[in-house]
Amino acid sequence: MAIFSPEKRIWWKQPIHGLELGWIIVVFLWGLFMFFFMIAWHFIGDQNLSTETYRIAPDKFVERVEEFAEEFQAMDENGEPIEEEGVPVVRPAAGGDVYLLARLWEFWPIIELKKGESYRFHLSSADWQHGFSLQPTNINISVHPGYEHVLSLTPTESGVFGIVCNEYCGIGHHTMTGRIRVVE
Amino acid sequence: MTTIDHSGAIAGQQPVYRSCRFTGLRVERSAELLIRANAVAAVVFLALGGLMGLMVALTRWPAVQLLPAEWFYLVLTGHGANVLLFWILFFEIAVLYFASAIILGSRIAAPKWAWLAFLLMIVGAVMANYAVLRGDSTVMFTSYPPMMASQWFYLSLILFAVGALIAVFVFFGTLVVAKAEGTYNGSVPLVTFGAITAAIIAVFTIASGAIILVPTWLWSLGLISEMDTLMYKLIWWGMGHSSQQINVSAHVSIWYAIAAMLVGAKPLSEKVSRTAFLMYIFFLQLASAHHLLAEPGLSETWKIVNTSYMMYLAVMASMIHGMTVPGAIEAAQRRNGFDRGAFEWLRKAPWGHPAFSGMFLSLVMFGFIGGISGVVLGTEQLNVLMHNTIYVPGHFHGTVVTGTTLAFMAMTYLVVPLIFQRDIIWPTLAKWQPWIFGAGAAGISMFMMGAGTLGVPRRQWDIALSDANLHYEFAPGAYLMMGMNGLSAILAATGGVIFVLIVVGSVVGGPRLDAAGAKLRFPLHDAGAQAVSHYGSEKHPKLTGTAILVTIFFISFVLYYFINWKYLSELWLFN
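All of these numbers come straight from a predicted model, not from anything done at the bench.

J.: Now, about the overall build of chain A: what can you tell me, with residues and values included?
T.: If you tally the helices and strands in chain A, you get two helices and twelve strands. In sequence order, the secondary structure elements of chain A are arranged as α-β-α-β-β-β-β-β-β-β-β-β-β-β. Its C-alpha atoms give chain A a radius of gyration of 25 Å, clearly above 16 Å, the size a compact globule of 184 residues would have. Each of the three principal axes of chain A carries a C-alpha extent, and together these read 90 × 40 × 30 Å. In chain A, the share of contacts with a sequence separation of at least 24, taken over all contacts with a separation of at least 6, comes to 58%. Counting every atom, chain A has about 8,000 Å² of accessible surface; 56% of that belongs to carbon and sulfur.

J.: How would you explain the overall build of chain B if you had to name every residue and give the values?
T.: Across its full length, chain B holds 17 helices and two strands. Computed over C-alpha atoms, the radius of gyration of chain B comes to 23 Å, within 12% of the 25 Å expected from 2.2 N^0.38 for 575 residues, which places it in the range of a compact globule. A buried classification covers 66% of the 575 residues belonging to chain B. Residue pairs at least 24 apart in sequence account for 83% of intrachain contacts in chain B once pairs closer than 6 positions are excluded. A total of about 19,000 Å² of accessible surface is found on chain B, and carbon and sulfur atoms cover 70% of it. Taking the average location of the 30 positive side-chain charges in chain B and that of its 24 negative ones, the two points are 13 Å from each other.

J.: Which residues make up unusual backbone geometry, and what are the values?
T.: For the bond from glutamine 135 of chain A to proline 136 of chain A, the omega torsion is 0 degrees, close enough to zero to count as cis. Structurally, proline 136 of chain A can be placed in the loop between β8 (130–135) and β9 (139–143). A cis amide bond, omega 5 degrees, links proline 145 of chain B with the succeeding residue proline 146 of chain B. Tracing the sequence through the fold places proline 146 of chain B in the loop between α3 (111–134) and α4 (151–180). With a phi close to 50 degrees, arginine 459 of chain B is a non-glycine residue in the positive phi region. Position of arginine 459 of chain B among the secondary structure elements: in the loop between α14 (427–453) and α15 (476–509).

J.: Go over the environment of proline 476 of chain B with me, naming the residues and quoting the values.
T.: By the secondary structure assignment, proline 476 of chain B is in helix α15. Taking the C-alpha atoms as reference points, proline 476 of chain B and leucine 454 of chain B, separated by 22 residues in sequence, lie 9.5 Å from one another.

J.: Mind laying out α14 of chain B, listing which residues take part and the relevant values?
T.: Residue and element names in this part refer to chain B. Compared with an ideal rise of 1.5 Å per residue, which puts 27 residues at 39 Å, α14 spans 40 Å between its outermost C-alpha atoms and is within 8% of the ideal. In the structure, α14 departs most strongly from a straight axis at glutamine 433, where the bend amounts to approximately 35 degrees and where the proline proline 434 lies between one and four residues downstream. One or two steps after α14, the chain reaches glycine 455, where phi turns positive at roughly 95 degrees.

J.: How would you summarise the domain arrangement of chain A if you had to cite specific residues and measurements?
T.: Domain assignment breaks chain A into domain 1 (16–42) and domain 2 (55–183). Here domain 1 of chain A and domain 2 of chain A have C-alpha centroids that lie 41 Å from each other.

J.: Summarise the sheet that holds strand β1 (residues 52–55) of chain A; cite the residues concerned and give the values.
T.: Residues and elements named next belong to chain A. Judged by pairing direction, the sheet is mixed, and its five strands sit side by side in the order β1-β10-β7-β4-β5 without closing on themselves. Lying at the two open borders of the sheet, with one neighbouring strand each, are β1 and β5 (106–108). Strand-to-strand, the axes of this sheet are offset by a mean angle of 25 degrees, without reference to chain direction. Here strand β4 (residues 97–103) pairs with β5 via three bridges, running antiparallel. When the sheet's bridge partners are listed, leucine 101 is paired in β5 with tryptophan 108.

J.: Give me the lowdown on the sheet that holds strand β6 (residues 110–114) of chain A, citing residues and values where you can.
T.: All names here are of chain A. The seven strands are arranged β2-β3-β6-β12-β11-β8-β9 in an open sheet whose pairing can be described as mixed. Bordering the open sheet on either side are β2 (83–84) and β9, each of which pairs with just one other strand. Where β6 and strand β12 (residues 177–183) come together, four bridges link them in parallel fashion. Each residue of the ladder has a partner; that of glutamate 112, found in β12, is arginine 181.

J.: Requested: an account of the interface of chain B and chain A, with residues and values cited.
T.: At the interface, 106 residues of chain B touch 87 residues of chain A. Together chain B and chain A conceal approximately 8,700 Å² of surface at their shared face, both sides included; 65% is due to carbon and sulfur atoms. Broken down residue by residue, the surface that chain B buries against chain A is led by Leu470, Trp572 and Phe574 of chain B, which jointly contribute 12%. At the boundary of chain B and chain A, one finds two salt bridges. On inspection of chain B and its partner chain A, the count reaches 38 residue pairs in polar contact (both at pLDDT 80 or more). Looking at the side of chain B that touches chain A, the elements with two or more residues in it are α2 (69–102), α6 (229–240), α8 (270–283), α9 (300–335), α12 (383–386), α14, α16 (528–533) and α17 (544–569) of chain B. Grouping the amino acids of the side of chain B that touches chain A by side-chain chemistry returns 56 nonpolar, 34 polar and 16 charged.

J.: Outline the nonpolar core, supporting the account with residue identities and numerical values.
T.: Taken as a class, soluble globular proteins show a tendency for nonpolar side chains to be buried jointly. Phe132 and Ile180 of chain A together with Phe86 and Phe90 of chain B are the most contacted members of the largest nonpolar core, which has 263 residues in total. For this core, the leading source of residues is α2 of chain B, giving 25 residues. Both domains that meet at this core, namely domain 1 (16–42) and domain 2 (55–183) of chain A, each give it at least three residues. The contacts of phenylalanine 86 of chain B, once residues within four sequence positions are left out, are Phe45, Ala81, Gly124, Ala125, Ala128, Asn129, Leu157 and Phe160 of chain B.

J.: Please provide a residue-by-residue account of the packing of helix α5 (residues 190–220) of chain B against helix α7 (residues 242–263) of chain B, values included.
T.: What describes two packed helices is the angle between their axes and the distance between those same axes. Residues and elements named next belong to chain B. Their axes nearest at 8 Å, the elements α5 and α7 cross at an angle of 170 degrees. Of the possible angle classes, the one that applies to α5 and α7 is roughly antiparallel. Side by side, α5 and α7 meet where Leu190, Val191, Gly194, Ala195, Thr197, Ala198, Ile201, Ala202, Phe204 and Thr205 of the first sit next to Ser242, Ser243, Gln245, Ile246, Ser249, Ala250, Ser253, Tyr256 and Ala257 of the second. When the residues that make up the contact of α5 with α7 are grouped by side-chain class, the tally is eleven nonpolar, eight polar and no charged.

J.: Got a sec to walk through the packing of aromatic side chains? Specific residues and values, please.
T.: Residues and elements named next belong to chain B. This model, assessed by the stated rule, comprises 52 aromatic pairs over all chains. Look at tryptophan 255 and phenylalanine 366: their rings are 5.8 Å apart centre to centre, the planes differ by 70 degrees, and that puts the pair in the edge-to-face class. With tryptophan 255 in helix α7 and phenylalanine 366 in helix α11 (residues 354–377), this pair connects stretches of sequence that are 111 residues apart. Exposure remark for tryptophan 255: the relative accessible area of 2% places this residue in the buried category.

J.: Which residues make up the state of the cysteines, and what are the values?
T.: Within this structure, the stated rule accounts for zero disulfides over all chains. The thiol sulfur of cysteine 165 of chain A is not disulfide-bonded, and the nearest other cysteine sulfur, from cysteine 169 of chain A, lies at 3.8 Å.

J.: Give me the lowdown on the pairing of β4 of chain A, citing residues and values where you can.
T.: Burial analysis of β4 of chain A places five of its seven residues in the buried class, which makes it a mostly covered element. What sits between the antiparallel neighbours β4 of chain A and β5 of chain A is a turn of two residues.

J.: Please set out the packing of α14 of chain B against α15 of chain B residue by residue, giving values where relevant.
T.: Residues and elements named next belong to chain B. Running from amino to carboxyl end, α14 crosses α15 at an angle of 155 degrees, the nearest separation of the two axes being 7 Å. The angle between α14 and α15 places the two elements in the roughly antiparallel class. In this structure, the crossing between α14 and α15 has a hand that is left-handed. Per-class residue counts for the contact of α14 with α15 are 19 nonpolar, nine polar and no charged.

J.: I'd love a proper account of the environment of isoleucine 304 of chain B, names of residues and values included.
T.: Relative to the elements of secondary structure, isoleucine 304 of chain B occurs in helix α9. With 216 residues separating them along the chain, isoleucine 304 of chain B and leucine 520 of chain B place their C-alpha atoms 52 Å apart.

J.: Lay out the pattern of salt bridges in plain terms, naming residues and giving numbers.
T.: Per the stated rule, a full pass over the model turns up 24 salt bridges over all chains. One salt bridge in this structure joins arginine 103 of chain A and glutamate 106 of chain A, with 2.9 Å as the shortest N-O distance. Residue arginine 103 of chain A is classed as partly exposed on the basis of its relative accessible area of 22%. Arginine 334 of chain B is the partner of aspartate 339 of chain B in a salt bridge, and the nearest nitrogen-oxygen pair spans 2.9 Å. Taken together, the shared-partner salt bridges connect Arg18, Arg29, Glu32 and Arg36 of chain B into one network.

What counts and what doesn't
Residues numbered from 1 in each chain as written. Chains lettered and ligands numbered in written order. Predicted model: local features only at pLDDT ≥ 70, side-chain atom pairs only at ≥ 80, totals over all residues. Heavy atoms only, no water. Helix = DSSP H or I, 4+ residues; strand = E, 2+ residues; numbered from the N terminus. Rg over C-alpha atoms; globule rule 2.2 N^0.38 Å. Contact = heavy atoms within 4.5 Å. Areas by Shrake-Rupley, 256 points an atom, 1.4 Å probe, with all protein chains shown as cover. Buried < 20%, exposed > 50% of the residue type's maximum accessible area, 1.4 Å probe, protein only. Lys, Arg positive; Asp, Glu negative; His and termini not counted. Charge placed at Lys NZ, Arg CZ, Asp CG, Glu CD. Expected span 1.5 Å × (residues − 1). Bend = angle between axes of the 7 residues up to and from the residue. Domains from an automatic or database assignment. Pairing = 2+ DSSP bridges. Axes fitted to C-alpha atoms, helices over the stretch in contact; angles between N-to-C directions. Buried area = accessible area lost by both parts, 1.4 Å probe. Salt bridge = Lys/Arg side-chain N within 4 Å of Asp/Glu carboxyl O. Polar contact = N/O pair within 3.5 Å; in protein donor to acceptor, adjacent residues only side chain to side chain. Nonpolar A, V, L, I, M, F, W, Y, C, P; charged D, E, K, R; others polar. Core = buried A, V, L, I, M, F, W, Y, C linked by side-chain atoms within 4.5 Å. Parallel < 35°, antiparallel > 145°, perpendicular 65-115°, else oblique. Phe/Tyr/Trp six-rings, centres within 6.5 Å; stacked < 30°, edge-to-face > 60°. Disulfide = S-S within 2.5 Å. Left-handed = near helix turned anticlockwise from the far one by under 90°.

Okay, here's the thing in structure tokens:
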């Protein structure tokens, strides 16, 4: 026997305090609002992450990125390919496809975009999971091997942007970066 | 009409009871020993994991960068396992035994199985540390494939989980025993009810863990050729996030328990508080989807349904507890005679009792820091602003450290005198401990969130990116935030060391409380034992102060939510 004998009442028949009821209504309506606001942003907002995805073998994706880099390699006035720190700078057609490869430990190649133009980005990994983190704008997207994520991106500002890996990918994780240049 | 053997779990072994001289509750010997063992193991892993956490924070302080890169990633993996799994689960098992055997005045069911569970959990926890320290399992707590840890890492987690599952079933068995032997009438008290929700969620969690960790283990043994990375993430988070809901159910139960024992608080309405606990069971598991908002291949509809319908109803449950717990305290304090104005009840609350201050700080910070940031992170579109930045650990240190860990520390100040029967040593230091630890933990959470909004990645050794081929310079504010995070970690670690010293010192050399006439240094409320082990709601209380508190909370929540949408609208366009 418990030393205190409880009231034998059924808990779902207990009355509710007025403040509790009021708070429950407020909280419920707020939850509903947050639910509808996510849906609404698909109509009123411009930042809805694309879900277009294809399965692709990692080595196939590497080939595609290499073809893309070769086709759109940026050239200087002397007809020499432009590189930064040994990484080719690639200038895709405005409104065209962009292939960006994440691998141990770099984002390859460097991409040069035009401000205000929309591009179809293809993101995937050659090996482990990586994190595409575009700085300082702070756009963060997971990158998986075997899945090609296709998303539209329109830069709204010009300058040099860093890509920093933000999914732990082994001992070189903190050396994994990339670059996107946006020109007027 | 029962098949339970009333003479004890095993023939010839009569359960031994004592009557607690401070609460009058009936305490069975095996239950008491099991609570002690699990609580001691919890504190050991807290000390180990906390030390690792301090090393992580000091490494991420750019001006200090304590550990070399290889050690940093290794220690970070160990930190996650030791505090997020071992400290919290050992303590939760102690809480489950307390909420069943002690609060219901019952014997524990199958004590031998409970000891087997404890043994398996210890073997698992030690093996995990061995696997991590060997250096070939630096895969982080989440261990996302195709990165592979040693087989011992996965096996250790499986053993630990099996142990925890057995312990959960001992808890369920104890409920059956208590019912059959009539140690209570009617409904179980609210604290036990909350513990039952935690245990039910634990079964789901451990099942998800088995579904993903067993194949991953076989993969590490070479018996399975490939692990799909998205599938792994989806199922792993069925364990990873649901396990956080065990914590929430457990620490909310502790909020109610401490409020009951220290000010004699009864729930405002049993119906509301219990329904809120039930909502955790119904909705939270699928809310794990918010870990996958930045992944390819999952539809918008799937993301919205899982993060709103599921998550908001679980958030709603937490917001209800966030009102009913202070409400219950206010009602009880007004009954205790502190009825003037809106806040006399709060000013005159037993702030000198570390269990009360720890519990109230946990309540406030869990809501304001961990809760609000969690909803923002878990919003379909907003996630892209912070996914995998250090904002994420900022958020979950707000839930798991300022919320769960602080609540568990607060509970320990009651477990030591009542279960170990030793009084708390160094009472002045004990009074300050929750504030020191709480301030440090709040700093850790908020400075990491601040750094995350500036783009600093999580789990990364060097934000200066010194060894990267293509350089990028983070804003100076990011360095400041990471430095402040390091300082906060030192403060939290100080609070942690004080906690461990007080607990170990009290258990080993605290004044004995089993002698006649012994008095508690930090007394309980006269009606505390009745309130915690008794079923029943408060009658018609006045709750002005609580109404003001929840209004402040709600306004903060709404403002912070919309500020983030404004940030999002300034991003590059995704079309």
